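# Coordinate analysis (summary)
Listed here are the chains, written in short residue letters.
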Amino acid sequence: MQFFFEILIGGLLSGVMYSLVALGFVLIFKASGVFNFAQGAMVYFAALSVVGLMERGLPLWAAAIGAFVVMILMSMATERFVLRKLVNQSPITLFMATIGLSFFLEGLAPLLWGNEVRPLSLGIVDEPIVSIMDSTGVLVSSFDLAAAGIAAVLVALLALFFKATSIGRALRAVADDHQAALSLGIPLQRIWVVVWSVSGFVALVAGMLWGSRNGVQFALTMTALKALPVLILGGFTSIPGAIVGGLIIGAAEKLAEIYVPQLLQSQFGGNFGGIEGWFPYVFALLFLLVRPEGLFGERHIDRV
Amino acid sequence: MFYREAGQFKTSYVADSQIFPIRQDRIAVCSLLVVAFGILPWIASEYWLTAILVPFLVFSLAALGLNLLTGYAGQLSLGTAAFMAVGAYASYNFQLRIEGMPILASFALGGVCAALVGIAFGLPSLRIKGFYLAVATLAAQFFVLWVLTKFPWLSNNSSSGVITAQKISVFGVDVDTPVRKYLFVLGVVTLMALIAKNLVRSHIGRAWMAVRDMDVAAEVIGIPLMRVKLLAFAVSSFYCGVAGALYAYCYLGSVEPDGFSLDLSFRILFMIIIGGVGSILGSFLGAAFILLLPIFLDSTLPTIATVLHLPFTNATVSHIQLMVFGGLIIFFLIAEPHGLARLWQIAKEKLRIWPFPH
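Residues numbered from 1 in each chain as written. Chains lettered and ligands numbered in written order. Predicted model: local features only at pLDDT ≥ 70, side-chain atom pairs only at ≥ 80, totals over all residues. Heavy atoms only, no water.

### A few points about the overall build of chain B
Of regular secondary structure, chain B possesses 14 helices and four strands. The C-alpha atoms of chain B give 21 Å as radius of gyration, which agrees with the globular expectation for 358 residues (21 Å, within 12%). In terms of overall dimensions, chain B has a C-alpha envelope of 65 × 65 × 45 Å along the principal axes. When the 358 residues of chain B are sorted by exposure, 50% land in the buried category. Intrachain contacts of chain B at a sequence separation of at least 6 include 75% that bridge at least 24 residues. Of the roughly 16500 Å² that chain B leaves accessible, carbon and sulfur atoms contribute 68%. When the 22 basic and 16 acidic side-chain charges of chain B are each reduced to a single mean position, those positions are 8 Å apart. (Helix = DSSP H or I, 4+ residues; strand = E, 2+ residues; numbered from the N terminus. Rg over C-alpha atoms; globule rule 2.2 N^0.38 Å. Buried < 20%, exposed > 50% of the residue type's maximum accessible area, 1.4 Å probe, protein only. Contact = heavy atoms within 4.5 Å. Areas by Shrake-Rupley, 256 points an atom, 1.4 Å probe, with all protein chains shown as cover. Lys, Arg positive; Asp, Glu negative; His and termini not counted. Charge placed at Lys NZ, Arg CZ, Asp CG, Glu CD.)

### Re the interface of chain B and chain A
Taken together, the contacts link 40 residues of chain B with 50 residues of chain A. For the chain B and chain A pair, buried surface summed over both sides reaches about 4100 Å², with 84% attributable to carbon and sulfur atoms. Viewed at the interface, chain A and chain B are joined by zero salt bridges. Remark: the boundary between chain B and chain A carries zero residue pairs in polar contact (both at pLDDT 80 or more). Of all the secondary-structure elements, those providing two or more residues to the side of chain B that touches chain A are helix H6 (131-150), helix H9 (215-220), helix H11 (262-275) and helix H13 (314-335) of chain B. Looking at the side of chain B that touches chain A, the element that brings in the most residues is H13 of chain B, giving 13 residues. Split by residue class, the side of chain B that touches chain A holds 31 nonpolar, five polar and four charged. (Buried area = accessible area lost by both parts, 1.4 Å probe. Salt bridge = Lys/Arg side-chain N within 4 Å of Asp/Glu carboxyl O. Polar contact = N/O pair within 3.5 Å; in protein donor to acceptor, adjacent residues only side chain to side chain. Nonpolar A, V, L, I, M, F, W, Y, C, P; charged D, E, K, R; others polar.)

### Here we look at the side chain of Ser 106 of chain B
Residue and element names in this part refer to chain B. Position of Ser 106 among the secondary structure elements: in helix H5 (residues 103-122). A distance of 2.9 Å separates the side chain of Ser 106 from the side chain of Gln 95, its partner in a polar contact. Apart from residues lying up to four places away in sequence, Ser 106 is in contact with Ser 91, Phe 94, Gln 95 and Met 101.

### Concerning the nonpolar core
Core analysis: the largest hydrophobic core is formed by 214 residues, its most contacted members being Leu 228 of chain A together with Leu 246, Phe 260 and Leu 269 of chain B. When residues no more than four places from it in sequence are discounted, the contact partners of Leu 246 of chain B are Val 58, Leu 61, Phe 107, Phe 184, Val 185, Val 188, Val 189 and Tyr 251 of chain B. (Core = buried A, V, L, I, M, F, W, Y, C linked by side-chain atoms within 4.5 Å.)

### Describing the packing of helix H1 (residues 2-32) of chain A against helix H7 (residues 166-176) of chain A
All names here are of chain A. For the pair H1 and H7, the least separation of the axes is 5 Å and the interaxial angle reads 75°. Taken together, H1 and H7 sit at an angle that is classed as roughly perpendicular. Residue-level inspection shows Phe 29, Lys 30, Ala 31 and Ser 32 of H1 in contact with H7, the latter providing Leu 171, Arg 172, Val 174 and Ala 175. Looking at the contact of H1 with H7, its residues break down into five nonpolar, one polar and two charged. (Axes fitted to C-alpha atoms, helices over the stretch in contact; angles between N-to-C directions. Parallel < 35°, antiparallel > 145°, perpendicular 65-115°, else oblique.)

### Considering the UniProt feature "transmembrane region" (unreviewed entry) in chain A
Residues and elements named next belong to chain A. In this numbering, the UniProt entry assigns the feature "transmembrane region" (unreviewed entry) to residues 6-27, 34-54, 60-82, 94-113, 143-162, 191-210, 230-252 and 272-290. A distance of 29 Å separates the end C-alpha atoms of residues 143-162, which is 100% helix and 0% strand. Secondary structure within residues 230-252 divides into 83% helix and 0% strand; the distance between the first and last C-alpha atoms comes to 11 Å. (UniProt positions renumbered as here; feature names shortened; annotations may be inferred.)

### Overview of the pattern of salt bridges
All names here are of chain A. Applying the stated criterion across every chain yields a total of ten salt bridges over all chains. Between Glu 55 and Arg 118 there is a salt bridge, with the nearest N and O atoms lying 2.8 Å from each other. You can see Glu 55 sitting in helix H2 (residues 39-55) and its partner Arg 118 sitting in the loop between helix H4 (91-113) and helix H5 (130-136), a full 63 residues away along the chain. Connected through shared salt-bridge partners, Lys 226, Glu 253, Lys 254 and Glu 276 make up one network.

### Quick word on the packing of H11 of chain B against H13 of chain B
All names here are of chain B. Two elements in contact, H11 and H13, have axes separated by 9 Å at closest approach and are oriented at 35°. Our pair here, H11 against H13, has a crossing hand that is left-handed. Touching Phe 270, Ile 273 and Ile 274 of H11 are Phe 325, Leu 328, Ile 329, Phe 332 and Leu 333, all from H13. Residues that form the contact of H11 with H13 fall into these classes: eight nonpolar, no polar and no charged. (Left-handed = near helix turned anticlockwise from the far one by under 90°.)

### Some thoughts on helix H14 (residues 339-353) of chain B
All buried positions along H14 of chain B are accounted for by Gly 339, Leu 340, Ala 341 and Lys 348 of chain B. If you follow the buried residues of H14 of chain B, they end up packed against helix H2 (23-43), H11, helix H12 (280-308) and H13 of chain B.

### Structural notes on helix H7 (residues 178-200) of chain B
Taking 1.5 Å of rise per residue, 23 residues should cover 33 Å, and H7 of chain B covers 32 Å from first to last C-alpha, within 8% of that figure. Every buried residue of H7 of chain B is listed here: Tyr 182, Phe 184, Val 185, Leu 186, Val 188, Val 189, Thr 190, Met 192, Ala 193, Ala 196, Leu 199 and Val 200 of chain B. (Expected span 1.5 Å × (residues − 1).)

### Structural notes on a nonpolar patch on the surface
A cluster of nonpolar side chains, contributed by Trp 61, Ile 65, Val 69, Leu 73 and Met 76 of chain A, occupies part of the molecular surface with about 550 Å² of accessible area. Its location among the elements puts Trp 61 of chain A in helix H3 (residues 60-83). (Patch = residues over 30% accessible without salt bridge, like charges linked within 9 Å, V, L, I, M, F, W, Y side chains within 5 Å.)

### Concerning the side chain of Asp 215 of chain B
Looking at where Asp 215 of chain B falls in the secondary structure, it is placed in helix H9. If near-sequence neighbours (up to four positions away) are discounted, Asp 215 of chain B is found in contact with Lys 129, Ala 210, Leu 225 and Lys 229 of chain B.

### Quick word on the state of the cysteines
Between two cysteines, a covalent bond joining their sulfur atoms is known as a disulfide. Residue and element names in this part refer to chain B. Taken as a whole and assessed by the stated rule, the structure comprises zero disulfides over all chains. Free cysteine Cys 113: the closest other cysteine sulfur is in Cys 240, separated by 14 Å. What makes Cys 113 partly exposed here is its relative accessible area of 24%. This cysteine, Cys 250, is not joined by any disulfide, and Cys 240 carries the nearest cysteine sulfur, 17 Å off. The exposure class of Cys 250 is buried, given its relative accessible area of 4%. (Disulfide = S-S within 2.5 Å.)

In C-alpha cells, the structure reads:
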C-alpha cells in the first residue's frame, strides 16, 4: 500500500509538470481559438535560451529575463508574420500553421544556442524530504514539491489575469470570434502578442523546470505530446481543467506503467514496459467517448 | 489557346462522365503514363530509380491516402505512419505465415488490416471532431508502434522488431532489379490513383465533401455520417497500408517500427498541405516537393556557405532544413492555401486564353 501511494504521489507531482505545458496551450486556445502545436517547441526554445544566455556569462535570473524577452520577440514575430495573415481562417489552417511554426522554432533554437545536451541548475535540490519520509514512509522529492508550488502560483496569477483585467476579457472576446472582436474595436494584433507572450512565459517556466530535471535537450519538444492528453481530458478552454487533467494523467500513467505490464506479462509473457507513451492517449480517448467536451470544457452547440 | 474546351461537345452521358472530360487532359495523362512506363525505366539511372522515383511514388500513395481522409472527408489525422506500419507488418506476416500467398494478395490483405485498424481509431470521430480527433489519431500512432515492438511474434521474433522483406514475384516475374521494382510500384500507384480519382467524384466522394464542409448540414440532408466517416477512415488507411507495404518491400527492404515515427506522419501531412488539400494531383506534387527539397538543400547549402564563408556543419544543415520546412508550411498556408495543385489550375486558366489577355 505504501508503494502504491509513493507511485501515486510521484505521478501526481509529475502531472504538475504536464499541466504546466498544457497551460500554455489553454492560454492561447482560450484567447485566440488557435490550437498551438508549437507549445513544445516554445518550451525547448525558452529553456535553450536560458542555458545559452547563461553560457554567455549571465546569472540565472538575468538569463531568465533575457529568455522572456526572446519569447516576447518571438511572439511579436509570430503575430507579424503568421497570425496577422491568417485572421479568420479556419481553426485547422491555424493549427497546421503552428505545426510549421514548431518546425521553424525547432530548427532556429539550436541554430542560435547550439544543440548539445546541457544541464540547467535552478538551485533546488532533488532529494526526498526527510520529515515526510519519517512520518509516513512515502518518498516525496523536494524538487517536485517546489515545481508544484510554482505551478500553483502561476495558475493563480493567470486566473486573476483572465477574470479581473480588461485585457483578459478582451482575450475571451477574441477567442469567441475574431471578426466580431475586431469590429468591436478590440486591437486583435496587440491581444495576440500579449497572449503569445504570456504563454511564452509559461513555456519558459515549464522549460526551466523540465530542463533542470532532464537536461536541456531536443526531447523537451516532446513535452507537447505529453500535454495533449491532459488537454483532452481537461477541456481545451479550462485552466483548472489543465491542472486537474495533468494530475489525473500523471497519476494514471505512473500507476499503469507499474501495474498494467505485470498484468500483460502474466497473460502473454515477455516485456511490456513503455506503455507510458500511449496510455495517456487511450485513457483520454476513452474518457472522451463518455464526455466529448472534457472535464471542464464548454459544451459546443452546432448551428446550421 | 492550348487549353481550350470550346468545341468539345459531349453528346452522351457516357462522354459527360468520363474521368478526364477535356481532350488536353486525356492527352497529358496518357503521355505522362507513356513516359513513366515506357521511357523513364530506360533513361533513369539506378540512383534516380531507387532513391527518388520509388520513394516518390510510395509517398505519393501515402499522401493520397491521407488526402482522401483529410482533404476530402475533413478528418484531420496525425497517424498516417502508424497505418503504413500496419500495412507493412501485416503484409510481411501474410507472406511469412501462409505458404504460396501471392504478393499482391498479401499487399491487399495488409491494406485491409490497416483499414480495420483505421476504423478502430476512427470510431471516436463519431463523437469528437477537429483537434480532439487529431489527438485520437496520435493515440493510434503511439499504440501501434508500441504493439509492433512489444509483440515479437509480429516481426518473426527478430531483435527490436526489424523485419526484412521477402523476395517478391508478381505473376512469376521476380521483382528484384531497380527497374522492375519501379515498374511494379508505378503500376500499383497508377491503378490506385485512378480508383481514388473515380472514388472522389462518385456519390461517396460527394458525401465526404459534404461532411467536410459541414457535417451537421450533411446529416440533415440525409447522409449517414457514421458510415461515411468510417468509410473514409477505412479507405484512407487502406491506401496508407498499401503504401507502407510498398515502402518496406520495394524501397527500404528492411524496416523497424521506429521508422514509422510521428515525424513520417508529419512529413506526409506536409505533402498534402504543400501539394494541395483535397486534390489527387496535389498528393503527387506535394510528395515530389517534400522529397526533393532536402536533396536540393543538401546540395546547395554547403555551396552557399563556402561562398559566404560561414562555418557549416551537417547539424547546421539539418537545422536549416527544419526551418525551411516550417517556413514553407506557413508560407503556403498564407500565400496559397490550396497548394501546388492550385498553381497548376491557374496555369491552365492562363493557357486557356494565351496569348491574348481576354
